[in-house]
Structure formats: structure tokens, C-alpha cells
Amino acid sequence: MIQTEQLTDVFAERVARIFGADDDPMVLVENRALRLLAGQRPIVWEGDAQTFHFSFVGGAAEEVLGYPASRWTEEPTFWADVVVHPEDRNDAIAFCALATGRGADHDFQYRARRPDGGIVLLHDIVKVIKSRRGVAERLRGIMVEIPDPR
């Protein structure tokens, strides 16, 4: 089910403004996302580029997916083991790992599971933040729910 997507120029520009500078506090990034993506309930996040362990997850995560933000940051493999649909898990992880290893920003779609058994289609937009040596150090992202076309 994983699909890569091409951002439209207008949306890509908006996303770039949301991410801002690499050292912007995540609360500032989240506030920009809520303002510039009003009505879309964006889940703003940051994590380690090597382990995919989340260090920040915005409040919309609980609203959209039903899991408290604390689970994302306290359970190192929460996103992969709990959130990503089992049928999309291997492809989602491989896609992220490959793009991150290349130091390439990326975006893709996958199914996410809610604790009530519901499924949400997410568009995940990821910015790779590199160290001074050019190695992927952190990831910042915005997950946006894609409405069910039915």
C-alpha cells in the first residue's frame, strides 16, 4: 500500500515554511503547521534518523490516530510496531531507511492503525536534518490524514 507522492509546488512551499530552520523549536514548527494547514489536523513530529525513535510528537496524534503522544516518545519502536499497518510496515520502514541513508527528504503514503481497529491513510512528509559531516542526524515530519474517498 505504500506510495510515494510528488508534492505540488504550492504545497511544497508551504511545507518548507512550516519546517523553517533546522534548529527551530518543535513547538514553533507545530504552531506553523496548525496555522498553514488549518483544518487538516497535521501531526508534527521529530525523531532520530538512525533509530526512528520519536523525540517529539504533536498533540494532533491523539486526535487523529487515538494514541497519546507519550507512547510515541516512550516506546522506541512504537511507530513501526503499533502505528504502521502490518501490510505496509516493511515497505514503509525500508523506504524511510533508504531515503534517510541517502540524506534525501521524502514523502509517502501508508495505512496507520487506530487502537479501535480503524484504519487511517496518512501522507507523511519527512525532512532529513544532517550533521556538519553531512550524515542524517534527525528527521522532522508532518503526517496529514488523507480523507477516505468513499
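Attention here is on the structure that accompanies the text. It should be emphasised that the depicted structure is a prediction, and the values quoted were computed from it without experimental measurement.

In terms of burial, strand β5 (residues 119-130) is largely enclosed, as 9 of its 12 residues are buried. Pairing geometry for strand β4 (residues 106-113) and β5, over 8 bridges, is antiparallel. Considered in β5, the bridge of Ala112 is made with Val120. Counted along the chain from β4 to the antiparallel partner β5, the turn is 5 residues long, and its residue Gly117 has a positive phi close to 95°. Sheet topology note: the β5/strand β6 (residues 136-146) ladder contains 10 bridges and is antiparallel. Within β6, the residue paired with Leu122 across the bridge is Glu145. Where β5 folds back on β6, the antiparallel hairpin that results is connected by 5 residues, among which Gly134 adopts a positive phi of roughly 85°.

This brings us to the nonpolar core. In terms of nonpolar packing, the biggest core is built from 30 residues, with Ile43, Leu65, Trp72, Trp79, Val83 and Met143 touching the most fellow members. When contributions to this core are tallied by element, the ones reaching two or more residues are β2 (43-48), β3 (54-57), α3 (60-65), α5 (78-83), α6 (86-102), β4, β5 and β6. A total of 5 residues in this core trace back to one element, the largest contributor, which is α5. Once you skip the residues sitting within four places of it in the chain, Trp79 turns out to touch Phe54, Trp72, Val84, Ala92, Ile93, Cys96, Phe108, Tyr110, Asp124 and Met143. One finds Phe19, Val29, Ala33 and Phe56 within the second-largest nonpolar core, a separate group that totals 14 residues.

Checked against the element boundaries, Ile119 lands in strand β5. Residue classification places Ile119 among the partly exposed residues on the basis of a relative accessible area of 46%. When the C-alpha positions of Ile119 and Glu62 are compared, they lie 14 Å apart, and in sequence the two are 57 residues distant. Once residues within four sequence positions are removed from consideration, Ile119 is found in contact with His85, Arg111, Ala112 and Arg113.

What the rule picks out here adds up to 1 cavity of 30 Å³ or more. Each pocket or cavity is described by its volume, and for the largest cavity that value is around 90 Å³. Looking at the largest cavity, the residues that line it are Trp45, Gly47, Asp48, Phe52, Phe54, Trp79, Cys96, Phe108, Asp124, Val126 and Leu139. When contributions to the lining of the largest cavity are tallied by element, the ones reaching two or more residues are β2 and β5. By residue number, the principal contributor to the lining of the largest cavity is β2, which donates 3 residues. Looking at side-chain class alone, the lining of the largest cavity contains 8 nonpolar, 1 polar and 2 charged residues.

This next bit is on the side chain of Lys127. Structurally, the position occupied by Lys127 is in strand β5. Side chain to side chain, Lys127 and Asp22 meet in a polar contact 2.7 Å long. Leaving out residues up to four positions away in the same chain, Lys127 has contacts with Phe19, Gly20, Asp22, Asp105, Arg138, Leu139 and Arg140.

Calculation rules
Residues numbered from 1 in each chain as written. Predicted model: local features only at pLDDT ≥ 70, side-chain atom pairs only at ≥ 80, totals over all residues. Heavy atoms only, no water. Buried < 20%, exposed > 50% of the residue type's maximum accessible area, 1.4 Å probe, protein only. Helix = DSSP H or I, 4+ residues; strand = E, 2+ residues; numbered from the N terminus. Pairing = 2+ DSSP bridges. Core = buried A, V, L, I, M, F, W, Y, C linked by side-chain atoms within 4.5 Å. Contact = heavy atoms within 4.5 Å. 1 Å grid on protein atoms, 1.4 Å probe; cavity = no way out; pocket = protein on both sides within 12 Å on 5 of 7 lines; lining within 4 Å. Points joined across faces, edges and corners; volume = space filled by probe spheres on them. Nonpolar A, V, L, I, M, F, W, Y, C, P; charged D, E, K, R; others polar. Polar contact = N/O pair within 3.5 Å; in protein donor to acceptor, adjacent residues only side chain to side chain.

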